[in-house]
Amino acid sequence: MQNKTSSPATESAPAKGVSLSKGERTHANLRRHAAAEFARLGYHNTKVSDIVKATGVSQPTFYCYFESKEMAYEDLMTEFRSRLETLTLTFLIEGEAHAEEVFDRVALSFQQLLDFLAEDPDLTQIGFFQPPGCTATKAGLAELIGQNIAKEQKNGLYRKDISATQMGQCFVGMLDQMARIPGDAQKRKELSLGCATLLCEDIRSGCQPENKR
């Protein structure tokens, strides 16, 4: 499975050979600077005046594109979550798979999510780490992953004595912590392999308690 990561949501890159109009460029710049200001100041402390000052436009111009600060924030969150959902749905393993293939797919899922979260640090900060948006984002992601796992349990890929919901929550909890660790693509790959090992092989060294032998 290979996914081509799209450009960051705040960039709004045009298709090849297509130029953005002045209005489209202004809109893209407002979104980009809004994400940066929300990330820098937090949602509640950010004012429209902060966004327009950073963008270099007037407040009337801002209101030509967004009804309010809240609408600008929701616009960013909606696209961020939509792209995250689209990516997550590609992780479903359909049909049978060998243990090695399952491990590779789990590791790749972690890596692609970490790469996605590294694309646009400002947008990730407000969409995945900062309140108020982070709670709904993580809950939605855990639910989507849980839905994938539930289908994979029916195919015999995963144990059934642990709920798919709990597995999805554990996956997102690990992702949350790994995404906070700075590093390049190679570092994200190493972290992904470690997470896949924990999920697929557990943390034991091969020893079992005496009463289990």
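In short, a report on the structure. All values reported here derive from a predicted model rather than from experimental measurement.

1. Some points on the packing of aromatic side chains
For step 1, the next point in the chain: The full count for this structure, using the stated rule, is eight aromatic pairs.
For step 2, the next point in the chain: Each member of the aromatic cluster is reached from another via a ring pair, and the members are Phe-38, Tyr-43 and Tyr-73.
For step 3, the next point in the chain: Here the guanidinium or amino end of Lys-69 rests over the ring plane of Tyr-43, the centre of that ring lying 4.6 Å away.
For step 4, the next point in the chain: Geometry around Phe-128 places Lys-138 over its ring, the cationic atom sitting 5.2 Å from the centre.

2. Notes on the nonpolar core
For step 1, the next point in the chain: Core analysis: the biggest nonpolar cluster contains 48 residues, and Phe-38, Phe-62, Leu-76, Ile-126 and Leu-175 have the highest contact counts within it.
For step 2, the next point in the chain: At the level of elements, helix H1 (22-41), helix H2 (48-55), helix H4 (69-89), helix H5 (99-119), helix H6 (121-129), helix H7 (133-154), helix H8 (164-178) and helix H9 (185-201) are the ones that each hand at least two residues to this core.
For step 3, the next point in the chain: Considering each element in turn, this core owes the most residues, nine residues, to H5.
For step 4, the next point in the chain: Two domains share this core, each providing at least three of its residues, namely domain 1 (15-66) and domain 2 (73-203).
For step 5, the next point in the chain: Other than its neighbours up to four places away in sequence, Phe-38 contacts Tyr-43, Thr-46, Ile-51, Lys-69, Tyr-73, Leu-76, Ile-126 and Gln-130.

3. Details of unusual backbone geometry
For step 1, the next point in the chain: Pro-132 follows Pro-131 through a cis peptide bond whose omega is 5°.
For step 2, the next point in the chain: Counting through the fold element by element, Pro-132 comes out in the loop between H6 and H7.

4. Section: the layout of surface pockets
For step 1, the next point in the chain: Each pocket or cavity is described by its volume, and for the largest pocket that value is around 730 Å³.
For step 2, the next point in the chain: Forming the walls of the largest pocket are 27 residues, and the residues nearest its centre are Val-106, Tyr-158, Met-167, Leu-199 and Cys-200.
For step 3, the next point in the chain: Elements that contribute at least two residues to the lining of the largest pocket include exactly H5, H7, H8 and H9.
For step 4, the next point in the chain: With six residues, the top contributor of residues to the lining of the largest pocket is H5.

5. A closer look at the pattern of salt bridges
For side chains of opposite charge, pairing can occur when their charged atoms come near one another.
For step 1, the next point in the chain: Evaluation of the coordinates by the stated rule reveals eight salt bridges.
For step 2, the next point in the chain: A salt bridge links Glu-79 to Arg-31, with the nearest nitrogen and oxygen atoms 2.8 Å apart. With Glu-79 in helix H4 and Arg-31 in helix H1, the pair connects residues that are 48 residues apart, well separated along the chain.
For step 3, the next point in the chain: The partner of Asp-176 in a salt bridge is Lys-138, with the nearest N and O atoms 2.5 Å apart. Remark: Lys-138 occurs in helix H7 and Asp-176 occurs in helix H8; sequence separation between them is 38 residues. Accessibility classification places Asp-176 together with Lys-138 in one group, the buried group.
For step 4, the next point in the chain: Among the charged side chains, a network of salt bridges with common partners joins Arg-31, Asp-75 and Glu-79.

6. Section: H9
For step 1, the next point in the chain: Under the 1.5 Å per step criterion, the end-to-end length of H9 is 24 Å for 17 residues, consistent within 8% with the ideal 24 Å.
For step 2, the next point in the chain: Among the residues of H9, Arg-188, Leu-191, Ser-192, Cys-195 and Ala-196 are the ones counted as buried. Taken end-on, H9 shows its buried residues confined to a sector of 140°, consistent with a single buried face.
For step 3, the next point in the chain: Tucked inside the fold, the buried residues of H9 contact H5 and H8.
For step 4, the next point in the chain: The N-capping residue of H9, defined by a side-chain oxygen 3.2 Å from the backbone nitrogen of Gln-186, is Asp-184.

Thresholds applied
Residues numbered from 1 in each chain as written. Predicted model: local features only at pLDDT ≥ 70, side-chain atom pairs only at ≥ 80, totals over all residues. Heavy atoms only, no water. Phe/Tyr/Trp six-rings, centres within 6.5 Å; stacked < 30°, edge-to-face > 60°. Lys NZ or Arg CZ within 6 Å of the ring centre and 35° of its normal. Core = buried A, V, L, I, M, F, W, Y, C linked by side-chain atoms within 4.5 Å. Buried < 20%, exposed > 50% of the residue type's maximum accessible area, 1.4 Å probe, protein only. Helix = DSSP H or I, 4+ residues; strand = E, 2+ residues; numbered from the N terminus. Domains from an automatic or database assignment. Contact = heavy atoms within 4.5 Å. 1 Å grid on protein atoms, 1.4 Å probe; cavity = no way out; pocket = protein on both sides within 12 Å on 5 of 7 lines; lining within 4 Å. Points joined across faces, edges and corners; volume = space filled by probe spheres on them. Salt bridge = Lys/Arg side-chain N within 4 Å of Asp/Glu carboxyl O. Expected span 1.5 Å × (residues − 1). Arc of directions from axis to C-beta. Polar contact = N/O pair within 3.5 Å; in protein donor to acceptor, adjacent residues only side chain to side chain.

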